[in-house]
Amino acid sequence: QVQLVESGGGLVQPGGSLRLSCAASKFIFSINAMAWYRQAPGKQRELVAFITSGGSGNYADSVKGRFTISRDNAKNTVYLQMNSLKHEDTAVYYCNGGLYLGSTYSAGASWGQGTQVTVSS
């Protein structure tokens, strides 16, 4: 039973832009926060950004000012607008539904299949 479906990845040149989408089941989306993670080859999965139910976005320092997370509650969809992409942004990007506790995002158990983002000239 598929609960999270990511899309929008691809090959882009440095400095370019991509917009990722994640369609979530209503149950997942009803959890109060949604997040994007990424995993590069040979590296651990890292939190890129999360957004609370109120629409407040939080970002890793490495993407702050370049990426924007947003959510459409009517469509149960979360987006990640990625601008000024760099080689080091190359990774598989995953979305996740979890909990926002205090100032910390706690990942939920469900993950999508991921979408590949490759930044290369």
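First things first, this report covers the structure right here in the doc.

The rules behind the values
Residues numbered from 1 in each chain as written. Predicted model: local features only at pLDDT ≥ 70, side-chain atom pairs only at ≥ 80, totals over all residues. Heavy atoms only, no water. Helix = DSSP H or I, 4+ residues; strand = E, 2+ residues; numbered from the N terminus. Polar contact = N/O pair within 3.5 Å; in protein donor to acceptor, adjacent residues only side chain to side chain. Contact = heavy atoms within 4.5 Å. Pairing = 2+ DSSP bridges. Axes fitted to C-alpha atoms, helices over the stretch in contact; angles between N-to-C directions. Disulfide = S-S within 2.5 Å. Core = buried A, V, L, I, M, F, W, Y, C linked by side-chain atoms within 4.5 Å. Buried < 20%, exposed > 50% of the residue type's maximum accessible area, 1.4 Å probe, protein only. Phe/Tyr/Trp six-rings, centres within 6.5 Å; stacked < 30°, edge-to-face > 60°. Lys NZ or Arg CZ within 6 Å of the ring centre and 35° of its normal.

Some remarks on the side chain of Thr115
- Residue position: Thr115 is located in strand S11 (residues 115-119).
- Of note is the side chain of Thr115, whose polar atom sits 3.0 Å from the backbone nitrogen of Gly9.
- Once residues within four sequence positions are removed from consideration, Thr115 is found in contact with Glu6, Ser7, Gly8, Gly9, Leu20, Ala91, Val92 and Tyr93.

Here's the deal with the sheet that holds strand S1 (residues 4-7)
- Within the open sheet, the 4 strands sit side by side as S1-S3-S8-S7. Their pairing is antiparallel. The open sheet terminates on both sides in strands that have one partner only, identified here as S1 and strand S7 (67-72). Adjacent strand axes in the sheet meet at a mean angle of 15° when their direction is disregarded.
- Sheet analysis places strand S3 (residues 18-24) next to strand S8 (residues 77-82), joined by 6 bridges and oriented antiparallel. Its bridge partner being in S8, Ser21 is matched across the sheet by Tyr79.

Notes on the state of the cysteines
- The final tally for this structure, using the stated rule, is 1 disulfide.
- Covalent S-S linkage joins Cys22 and Cys95, the inter-sulfur distance amounting to 1.8 Å. Residue Cys22 is located in strand S3, and its partner Cys95 is located in strand S9 (residues 91-101); the two are separated by 73 residues in the primary sequence.

Some thoughts on the environment of Gln113
- Within the element layout of this structure, Gln113 appears in the loop between strand S10 (104-106) and S11.
- As for Gln113 and Val92, which are separated by 21 residues in sequence, their C-alpha atoms are 9.2 Å apart.
- Aside from chain neighbours lying at most four places away, what touches Gln113 is Leu4, Val5, Glu6 and Tyr94.
- In this structure the side chain of Gln113 is engaged in a polar contact, spanning 3.0 Å, whose partner is the backbone oxygen of Glu6.

Some thoughts on the nonpolar core
- Met34, Trp36, Val48, Phe67, Leu80, Met82 and Tyr93 are the most contacted members of the largest nonpolar core, which has 26 residues in total.
- Among the elements of the structure, S3, helix H1 (26-30), strand S4 (33-39), strand S5 (46-52), S7, S8, S9 and S11 are those that each provide at least two residues to this core.
- Residues in contact with Tyr93, not counting those within four places in the same chain, are Glu6, Leu20, Trp36, Tyr37, Arg38, Val48, Phe67, Leu80, Met82, Gly114, Thr115 and Val117.

Some points on the packing of aromatic side chains
- The full count for this structure, using the stated rule, is 5 aromatic pairs.
- Judged by centre distance (6.3 Å) and plane angle (55°), the ring pair of Tyr37 and Tyr105 falls under tilted. With Tyr37 in strand S4 and Tyr105 in strand S10, this pair connects stretches of sequence that are 68 residues apart.
- Aromatic rings pair up to connect Tyr37, Phe50, Tyr94, Tyr100, Tyr105 and Trp111 into one cluster.
- One residue, Arg19, lies across the ring of Tyr79, its end atom 3.9 Å from the ring centre.
- In this structure, Arg45 packs its charged tip against the face of Tyr94, placed 3.8 Å from the ring centre.

Note that all results are geometric; they support no functional claim without further evidence.
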